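# Fold and geometry: a report
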Amino acid sequence: MTGRPAPPATAVAVDTLFEVDQLLEPPRAFREQAKISDDSVYDEAERDFRGWWARQAEKLLDWVEPWHTVLDDTDAPFYRWFVGGKLNACYNCVDRHVAAGRGERVAFHWRGEKETREVTYADLYRDTQRLANVLKARGIGKGDVVAIHLPLVPEAAVAMLACARIGAPHNVVFAGFSPHALREQLVFSEARAVITADGVWRDGRAVPLKARINEHIADLDGLRTVVVLRHTGTPAEMCEGRDIWWDEAFATAPPDCPCEPLDAEHPLFTLYTSGSTAKPKVVVHSTGGYLTGVGWTTQNVFDLRPDRDVFWCTADVGWVTGHSYVIYGPLLSGATSVMFEGSPDHPHRGVWWETVERYRVTILYTAPTAINAFLGWGEEHPSRHDLSSLRLLGSVGEPLTPKAWGWYHTVIGGSRCPIVDTWWQTETGCIMITTLPGVMASKPGSAGRPLPGIHVDVVDEEGDPVRGEYGYLVIKRPWPAMLRNLHKQGDRYRQTYFGRFEEQTYLGRFEERTYYVGDSALVDEDGYFWIGGRVDDVINVGGRRFAASQVESAIASHPGVAECAAIGQRHETTGHAICGFVVLRQSLAGGPELERQLGDRVAERLGETARPARIVWTASLPKTRSGKIMRRLLRDIAEGRDLGDVSALRDPDVIDELEQAFSEQPA
Ligand code: WT7
């Protein structure tokens, strides 16, 4: 396809599509070939969720020993799944595919910033054994925590799998985090080893990694091994006896390392999550339950055919999405994935679409932050590429506004691909709410319904179910992929997730301990869930409560808007006054007329009460490194408070810009 810049009229038409509350049935062609094409699976799971999950665990995974108890809830909320069962995650992700003669299948088409590589299952089989032996030679074994601090390179997969092979829980620390944050995590997890690289590529430039962390790890006595991958060629001082180069260690490592059979409950990994609170939590995930949840969702939510599909989840391995849908889910399914290092606008804004075309990607799974950025940049970038291989699109991380949904569907999906908007959390391990694409219609803006075997509800303060209004999202029964604990903070685990509705459990109103999500949500008349955002971000104007996502969807419905965030700014008489921070599509400028139009859209949908008292035009929004809007910071700016800890920000420069925009643009 050649470049054809979309005329403005088309852009407007595309933007206003799907704005009404309409159901979109799965396209016939998709439904006819879908792995799951009728909804009996929901009833089946409902009849006996333990038995249903047990059958999935048996089908999805190879077990060394069978379990004797599917779910042990005697020490709830410290649940245990598939108790007595033994398995190995690396065996399930690598060895069994090689043993079945599929070693030559590509596991990853890796597109690095400077080079590309095809990594087969046989390559993973060879390299995970070698790296496992390198670790073992350093005395690392079952139960020892290994930190992984790598960019998105195939070696990150090798490192995670090598740890899984020997039962050393990995703790991936996103390579974009500061050395200070890395150190904190190393101390907290008592890591015995770090696997890192000399440097990372950032938009074509080599940025040192190893050299930068050296002084921060020098005094950690328990840290006896640092394996360093040569990636950018950046010089790094090595600490004799502790540090080894990946390639040199590989040259002498023995080639064979058997997989350690591990208890289903053995911790596969720990992972930091910030959640909405300031204090970070370190979530512990299991082996058997986690892989069951991740395997089922990878294969059924994405309708994955490992022999035909090319799956691309754009997340970094530093996040749970990378763990579940770049590494464990696709690999245990024997799938072929794309792994992409770098940013979506480097070397140009069409690089993702070029990548889809090059590898004939069939399933694309990304986040609203990326979709909104592309929407803002315009249709000319995707339109230059052949995206006809795509057959399914996915989204995760934040609410996808109906407008963004329509854009993704039309411009990227050619109006032929179902979209799965998947709701879940680091804590849940796998997707929990979405639409099974061959079964259920989509409603743009809604994530869909709880998956089979998952029991989610929306309740009020007292724990009573709420319908047609926003309330607290809760999970009413345990599920296999759930977190098992917070590392070294069992009390905090119990308090944070199970404390909120404890009384209801004791009163016998809930069957099991109820998990408090921390998100607001609404269930509509069709049982579809609309995620409102974090509970802390709920806006209250004169006693009327609005979820941030409601106001944002209304503002974003305007054709000129690329992305926006709505917050409640404290107000003497009404409680909150709504303030909208708006990023316009390329080359548009804000002004009073546009402000009135945006206000009208909000008022039309949500009533005059919700009309924003103020719209602030900005070039960007404050986001975490994983791409979530930090509404807390926007509230701090609006209320003139000290900004506190901004280390979670991807781009600290936006703060100055926002503060300036806020003070220069009068209310
Ligand atoms: C929070 C969890 C799960 C992987 C990535 C994020 C928000 C997530 C959606 C969605 C609306 C969503 C929620 C949730 N969220 N998916 N489809 N629609 N909101 O993991 O960093 O643990 O964040 O992300 O607020 O609680 P996480």
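The model shown is predicted, which means the values in this text are computed figures rather than measured ones. Residue numbers here run from 1 along each chain, matching the order of that chain's written sequence. For a predicted model such as this one, the threshold for reporting local features is a pLDDT of at least 70, and the threshold for listing and counting side-chain atom pairs is 80 or more; totals across whole chains, interfaces and linings nevertheless cover every residue. No hydrogens and no water enter the side-chain calculation; it runs on all heavy atoms of the structure.

### Details of the nonpolar core
The biggest cluster of nonpolar side chains holds 135 residues, and the ones touching the most others in it are Phe108, Leu124, Ile195, Ile327, Tyr328 and Leu473. Apart from residues lying up to four places away in sequence, Ile327 is in contact with Phe108, Ala157, Met160, Val317, Gly322 and Met339. Core analysis: the next-biggest nonpolar cluster, separate from the first, contains 29 residues, Trp312, Trp353, Leu393 and Ala404 among them. The term nonpolar core refers to a set of buried residues drawn from Ala, Val, Leu, Ile, Met, Phe, Trp, Tyr and Cys, joined through side-chain atoms within 4.5 Å. Each residue is placed in one exposure class: buried if its accessible area under a 1.4 Å probe, protein chains only, is under 20% of its type's maximum, exposed if it is over 50%, and partly exposed if it falls in between. In what follows, a contact means two residues having at least one pair of non-hydrogen atoms within 4.5 Å.

### Here we look at the site of the ligand
One heavy atom within 4 Å of a molecule or strand makes the whole residue count as near it. If you check the shell around the ligand, you find 17 residues, and the closest are Asp421, Thr422, Thr426, Asp519 and Lys628. Within the side chain of Thr426, an N or O atom sits 2.6 Å from an oxygen atom of the ligand. Whenever a nitrogen or oxygen atom comes within 3.5 Å of another N or O atom, the pair is scored as a polar contact, on the condition that within protein one atom can donate a hydrogen and the other can accept it, and that pairs from neighbouring residues in sequence are kept only if both atoms are in side chains. With respect to the ligand, the side chain of Asp519 contributes an N or O atom lying 2.9 Å from an oxygen atom. Notes on the ligand: free accessible area 550 Å², of which the protein chains cover 90%. Helix and strand definitions here come from DSSP, where helices need a minimum of 4 consecutive H or I residues and strands a minimum of 2 consecutive E residues; each element is numbered from the N-terminal end. Within the residue set of the shell around the ligand, elements represented by two or more residues are helix H12 (320-332), strand E20 (419-422) and strand E27 (529-534). Ten residues, namely Ala, Val, Leu, Ile, Met, Phe, Trp, Tyr, Cys and Pro, are considered nonpolar, four, namely Asp, Glu, Lys and Arg, are considered charged, and the remaining ones, Gly among them, are considered polar. Its residues assigned to classes, the shell around the ligand comprises six nonpolar, six polar and five charged. Only the protein chains shown count as cover for residues, and all accessible areas are computed by the Shrake-Rupley method using a 1.4 Å probe.

### Details of unusual backbone geometry
The bulk of non-glycine residues show a negative phi, and the bulk of peptide bonds are trans. Residue Pro77 follows Ala76 across a cis peptide bond; omega there is 5°. Its location among the elements puts Pro77 in the loop between strand E1 (69-72) and strand E2 (80-83). The omega torsion of the bond from His346 to Pro347 falls at 0°, within 30 degrees of zero and hence cis.

### Quick look at helix H7 (residues 154-166)
End to end, H7 covers 19 Å across 13 residues, agreeing with the expected 18 Å (1.5 Å per residue, within 8%). The buried count for H7 comes to 13 of 13 residues, which makes it a mostly enclosed element. Gly167 sits one or two residues past H7 and shows a positive phi near 80°. One less than the residue count of a helix, multiplied by 1.5 Å, gives the span that helix is expected to have.

### A short note on the packing of helix H8 (residues 179-189) against helix H9 (residues 210-217)
Angles shown run from 0 to 180 degrees and are taken between the N-to-C directions of axes, each axis being a line fitted to C-alpha atoms and, for helices, limited to the stretch in contact. Contact geometry of H8 with H9 gives a least axis separation of 9 Å together with a crossing angle of 50°. When the interaxial angle is binned, H8 and H9 end up oblique. When you trace H8 past H9, the crossing you get is right-handed. The segment H8 lies against H9, with Pro179, His180, Leu182, Arg183 and Leu186 engaging Arg212, Ile213, His216 and Ile217. For classification, angles of less than 35 degrees are called roughly parallel, those exceeding 145 degrees roughly antiparallel, those between 65 and 115 degrees roughly perpendicular, and all remaining angles oblique. Left-handed describes a crossing in which the near helix is turned anticlockwise from the far one by less than a right angle; the clockwise case is right-handed.

### Brief notes about the sheet that holds strand E5 (residues 116-120)
Pairing between strands is defined by DSSP: at least two bridges between them are needed. Read from one edge to the other, the open sheet built from seven strands follows the order E5-E4-E17-E16-E18-E19-E20, with strand pairing classed as mixed. With one partner strand each, in any of the chains shown, E5 and E20 form the two edges of the open sheet. Going from strand to strand, the sheet's axes swing by 20° on average, the running direction of each strand aside. Taken together, the four bridges between strand E19 (residues 392-396) and E20 define a ladder with parallel strand orientation. Bridge pairing in E20 links Gly394 to Val420.

### Re the sheet that holds strand E23 (residues 456-459)
Strand pairing in a sheet relies on backbone hydrogen bonds, with the paired strands running either antiparallel or parallel. Spatially, the four strands line up as an open sheet ordered E23-E24-E26-E27, and their pairing is antiparallel. Of all the strands in the sheet, the pair left with one neighbour each is E23 and E27. Taken over all neighbouring pairs, the strand axes of this sheet differ in orientation by 45° on average, direction set aside. Sheet topology note: the strand E26 (residues 515-523)/E27 ladder contains five bridges and is antiparallel. Bridging from a neighbouring strand, Ala521 pairs with Ile531 of E27.

### Focus: the packing of aromatic side chains
Put simply, two rings from Phe, Tyr or Trp (the six-membered ring, in Trp's case) pair if the centres are within 6.5 Å, and we call them stacked under 30 degrees between planes, edge-to-face over 60, tilted for the rest. Within this structure, the stated rule accounts for 36 aromatic pairs. Relative to Trp53, the ring of Trp52 has its centre 4.9 Å away and its plane inclined at 70°; by these criteria the two rings are edge-to-face. Of the two residues, Trp52 and Trp53, neither departs from the other in class, the shared state being buried. Between the aromatic rings of Trp246 and Phe250, the centroid separation amounts to 5.1 Å while the plane-to-plane angle is 20°, which identifies the pairing as stacked. Pair noted here: Trp246 and Phe250 are both in helix H10 (residues 246-252), with a separation of four residues, about one helical turn. Accessibility expressed as a relative area gives 7% for Trp246, which makes it buried. Among the residues examined, Phe250 registers a relative accessible area of 12% and is labelled buried. Feature note: the residues Phe78, Tyr79, Trp479, Tyr493, Tyr497, Phe498 and Tyr515 constitute an aromatic cluster, connected by ring pairs. Directly above the aromatic system of Trp245 lies the positively charged group of Arg230, at a separation of 4.1 Å from the ring centroid. For a lysine, the NZ atom is tested; for an arginine, the CZ atom; a charge sits over a ring if that atom is within 6 Å of the ring centre and within 35 degrees of the ring normal.

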